[in-house]
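Each chain, written out:
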Amino acid sequence: MKTAVPPKWLSDSALDHLRAAADAPDLSATRYVLVDKLGQGGMSSVYRVEDTILGRRVALKVIGFADASGELAARLLHEAKVIARLEHPGIVPVHDVGTLPDGRLFYTMKLVRGQRLDQRVAKFGGLPERLRIFQRICEAVSFAHAHGVLHRDLKPQNVMVGPFGEVLVMDWGLSKLLCGTNAAMAEKSHPSALLAAQTPATGTSDGTILGTPGYMAPEQARGDVASLDQRVDIYSLGEVLKFLLESAFRDPIPKALTAICGKASAAEPQQRYDSAQELASDVAHYLDGLPVQAYPEGPFARLWRWSGKNSAWLLLILAYVLMRALLILWRIR
Amino acid sequence: MQDEINLGGNGNFPATRWSLIVAARSGQTEERERALNALIAAYWKPVYKYIRLRWRKDNEQAQDLTQEFFTRLLEKDFLESYDPSRARLRTFLRVCVDRLVMNEEKAARRLKRGGDIQISLDFESAEGELQQIEIPSPETMDNFFAREWLRSVFSLALERLRHECESRGKQIHFRLLELYDIDEGGKELTYEQVAGQFGLKPSDVTNYLSYARREFRRIVLAQLREMTASDDEFRREARAVLGLDVP
């Protein structure tokens, strides 16, 4: 038995070049020209490309390879369709979707200039700035929920913060359409529907665990897919808030904020906020010095919070009382 | 747009032959021999180099052990015990190599070369290649084996691409791939310079190179598909080969 002719020796540098060449998207005969690679996940990569028709740069996300089942491509297409449905300033818009000459599915989206929340967090100013960023995340998630979409992988790494403080929730690859919503029904009735029937990853069946440990709700970690609702994202939002607070405070975190985190990330879904809007509203109350739903106050705590909120008025009143007292004393003498 | 989107699956994925593992286990002699030959072609150099460096065997001992290993692969059907759900094929083979060498050391006797089968392997070239690489530390031997396996897979894919390009009259396409992705110094050349050198238009250089890279990628993935036993193993190997594994 004989083997084939010995193949050519490849240096380590040639190996790396060939690997990069094999991985790079084949953009020939498309409107895009490759600029550089922005990042990669386990199954897909994101590149900065030039749109030669519109003369602008966009981000192109492409699957690493076409698998035999078509599952990876279906997952990416699902993601593109979900994002396209969600037209919101806090969600990156999709421009185009298609198949490259090498058979891989891709979509292009707005090129986000900014940093991931986990990388940017050290540059934030005080607590109010952090809480306002968090409110914007809640707004985007709340919008998605209103359209029947669960994100299911909310974490600081999936939030981008732009140079002017704009917030974008990214990576909807694990998103799920809620059953019974208009979005889910439209998806089902559409002839090109890709969910459930074709894609175990997007139409996840019971027992499939997708998400990030540490940010994943207990019911999600159990793979209890059928019972998931918007509160699975509320849990993750609670963890994101905790991340923002823990990186902000050297001293103990204010009790009201700890209570908000605790309520959002409660182990039982019934004990969490019902909606992202409700969570954002509680944070807004804290910022405005109002009582928060998650933290029932005693009279002393209420007085303390009230005095903190109205410190300027209190000082004026105290000054007035002091002056009156001094005036009275002076008259008596 | 929707109609143009191809999700891969049966329609898009390159048509591949029978998985080598299934074929190597089959009772059909011709199919089995083809499969084992392909496995040997992909694995013999990594195995030889691994034995030389991991087990610190001299040239002759490593040749004997490599011969012995692949002879057993041919004769003893030990692929029967391979379970794709437990490990990748390359991990399984590496463990088998370790076991073979340990048994040989334990027995402390010279290995008897297997039966009438003599596999023709170009040990001289493998030895020459060993001289060109940095000797890995003992704790990185697994990575070394994986790297050598990648080298072997890419080398075989290039050979296949070369033959295909020649048979289609596309030698320049292959030469451009060599120039830009393999040869030292070629990467610094602009498309205009290369176009002048080959008597092409610069846009042709782009298109030819895209073709060669696309075909190279297709062949690599087709090889991986052949050398893996399940979709899951294929995905893991494809991620490793394309460098998609997140550290």
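What you are looking at is a predicted structure, and each value in this text was computed from that prediction instead of being measured. (Residues numbered from 1 in each chain as written. Chains lettered and ligands numbered in written order. Predicted model: local features only at pLDDT ≥ 70, side-chain atom pairs only at ≥ 80, totals over all residues. Heavy atoms only, no water.)

Undergrad: What should I look at first to understand the overall build of chain A in this one?
TA: A count of helices and strands for chain A gives eleven helices and ten strands. Within chain A, the fraction of its 333 residues that count as buried is 49%. Accessible surface, chain A as shown: approximately 16,200 Å² in total, 58% of it carbon and sulfur. (Helix = DSSP H or I, 4+ residues; strand = E, 2+ residues; numbered from the N terminus. Buried < 20%, exposed > 50% of the residue type's maximum accessible area, 1.4 Å probe, protein only. Areas by Shrake-Rupley, 256 points an atom, 1.4 Å probe, with all protein chains shown as cover.)

Undergrad: What's the story with the nonpolar core in this structure? I'm lost.
TA: Proteins that are soluble and globular tend to have nonpolar side chains buried together. Among the nonpolar cores identified, the biggest contains 135 residues, and Ile137 of chain A together with Tyr43 and Phe154 of chain B are the most heavily contacted of them. Take this core: its biggest share by element is 13 residues, from helix H3 (residues 29–54) of chain B. What tyrosine 43 of chain B contacts, discounting residues up to four positions off in sequence, is Phe70, Leu89, Arg90, Leu93, Phe145, Trp149, Ser152 and Met227 of chain B. (Core = buried A, V, L, I, M, F, W, Y, C linked by side-chain atoms within 4.5 Å. Contact = heavy atoms within 4.5 Å.)

Undergrad: Please clarify how the packing of aromatic side chains should be interpreted in this entry.
TA: If you walk through the whole model with that rule in mind, you get eight aromatic pairs over all chains. Relative to phenylalanine 123 of chain B, the ring of tyrosine 48 of chain B has its centre 5.0 Å away and its plane inclined at 50 degrees; by these criteria the two rings are tilted. Remark: phenylalanine 123 of chain B occurs in helix H6 (residues 123–131) and tyrosine 48 of chain B occurs in helix H3; sequence separation between them is 75 residues. Take tyrosine 48 of chain B and phenylalanine 123 of chain B: they sit in the same class, and that class is buried. Here the aromatic rings of tyrosine 50 of chain B and phenylalanine 145 of chain B are separated by 5.2 Å at their centres, their planes lie at 70 degrees, and the arrangement is edge-to-face. Taken together, the residues span a long stretch of sequence, with tyrosine 50 of chain B in helix H3 and phenylalanine 145 of chain B in helix H7 (residues 141–167) at a distance of 95 residues. According to the relative accessible area criterion, tyrosine 50 of chain B is buried, its value standing at 1%. Taken together, the ring pairs in this structure connect Trp44, Tyr48 and Phe123 of chain B into an aromatic cluster. The side chain of lysine 263 of chain A reaches across the aromatic face of tyrosine 273 of chain A, ending 5.2 Å from its centre. (Phe/Tyr/Trp six-rings, centres within 6.5 Å; stacked < 30°, edge-to-face > 60°. Lys NZ or Arg CZ within 6 Å of the ring centre and 35° of its normal.)

Undergrad: Can you walk me through the environment of glycine 90 of chain A in this structure?
TA: All names here are of chain A. When you line up the elements, glycine 90 lands in the loop between helix H2 (71–85) and strand E4 (94–99). Under the relative-accessibility criterion, glycine 90 is labelled buried at 5%. Along the sequence, glycine 90 and arginine 331 sit 241 residues apart, while their C-alpha atoms lie 64 Å from each other. With sequence-adjacent residues up to four places away left out, glycine 90 is seen in contact with Ala140, Val167, Leu168 and Val169.

Undergrad: Quick question: what am I supposed to make of the side chain of glutamate 127 of chain B here?
TA: Within the secondary structure, glutamate 127 of chain B sits in helix H6. Setting aside residues up to four positions removed in sequence, glutamate 127 of chain B forms contacts with Tyr48, Arg52 and Asn59 of chain B.

Undergrad: So what exactly am I meant to see when it comes to H6 of chain B here?
TA: Think of an α-helix as 3.6 residues a turn; residues three or four steps apart then line up on the same face. Residue and element names in this part refer to chain B. Inspection of H6 places Phe123, Ala126, Glu127, Glu129 and Leu130 among the buried residues, and these make up the whole buried set. One side of H6 carries all its buried residues, which in axial view fall inside an arc of 160 degrees. In H6, the exposed positions that point more than 90 degrees away from the buried face belong to Glu124 and Gln131. The elements touched by buried residues of H6 are H3, helix H4 (59–75) and H7. (Arc of directions from axis to C-beta.)

Undergrad: Honestly, the sheet that holds strand E6 (residues 115–116) of chain A in this entry has me stumped. Any pointers?
TA: As a general point, the strands of a sheet are linked pairwise by backbone hydrogen bonds and lie either parallel or antiparallel. Residues and elements named next belong to chain A. Pairing is antiparallel in the open sheet, where three strands are placed in the order E6-E8-E9. At either margin of the open sheet sits one strand with a lone partner, and together these are E6 and strand E9 (167–169). Seen against the sheet, helix H4 (residues 127–146) touches strand E8 (159–161) and E9 and runs at an angle of roughly 40 degrees to E9. (Pairing = 2+ DSSP bridges. Axes fitted to C-alpha atoms, helices over the stretch in contact; angles between N-to-C directions.)

Undergrad: Help me understand the pattern of salt bridges, please; the structure alone is not making it clear to me.
TA: Between side chains of opposite charge, pairing is possible as soon as their charged atoms come close. Per the counting criterion, the structure on display carries 39 salt bridges over all chains. Note that aspartate 118 of chain A and arginine 116 of chain A form a salt bridge whose closest N and O atoms lie 2.7 Å from each other. Residue classification places aspartate 118 of chain A among the partly exposed residues on the basis of a relative accessible area of 22%. For arginine 116 of chain A, a relative accessible area of 30% translates into the label partly exposed. Residue aspartate 229 of chain A pairs with arginine 231 of chain A through a salt bridge whose shortest N-O separation is 2.7 Å. According to the relative accessible area criterion, aspartate 229 of chain A is buried, its value standing at 17%. Taken together, the shared-partner salt bridges connect Asp12 and Asp16 of chain A together with Lys45, Lys49, Glu129, Arg147, Glu148 and Arg151 of chain B into one network. (Salt bridge = Lys/Arg side-chain N within 4 Å of Asp/Glu carboxyl O.)

Undergrad: What should I look at first to understand the confidence of the model for chain A in this one?
TA: Where the model shows low pLDDT, its predicted coordinates should not be examined in detail. Residues and elements named next belong to chain A. When the pLDDT values of chain A are averaged, the result is 82; 86% of them are 70 or greater. This stretch, residues 1–6, has a pLDDT under 50; its non-local contacts, to residues over four places away or in other chains, come to twelve contacts. This stretch, residues 185–207, has a pLDDT under 50; its non-local contacts, to residues over four places away or in other chains, come to 43 contacts. (pLDDT = per-residue confidence, 0-100.)

Undergrad: I tried to follow the sheet that holds strand E3 (residues 56–63) of chain A on my own but got confused; where do I start?
TA: Residue and element names in this part refer to chain A. Strand order in the open sheet formed by five strands is E1-E2-E3-E5-E4, with antiparallel pairing between adjacent strands. At either end of the open sheet lies a strand with only one pairing partner, and these are strand E1 (32–40) and E4. Shown here is a sheet whose adjacent strand axes are inclined to one another by a mean of 25 degrees, direction ignored. Where strand E2 (residues 44–51) meets E3, eight bridges bridge the pair, whose relative direction is antiparallel. The partner of glutamate 50 across the bridge, within E3, is arginine 57.

Undergrad: Any chance you could explain the side chain of aspartate 181 of chain B here in plain terms?
TA: Its place among the elements puts aspartate 181 of chain B in helix H8 (residues 171–182). On the basis of relative accessibility, which here comes to 3%, the residue aspartate 181 of chain B falls in the buried class. A distance of 2.9 Å separates polar atoms of two side chains, one belonging to aspartate 181 of chain B and the other to arginine 213 of chain B. Beyond its immediate stretch of four places on either side in the chain, aspartate 181 of chain B contacts Ala14, His17, Leu18 and Ala21 of chain A together with Lys187 and Arg213 of chain B. (Polar contact = N/O pair within 3.5 Å; in protein donor to acceptor, adjacent residues only side chain to side chain.)

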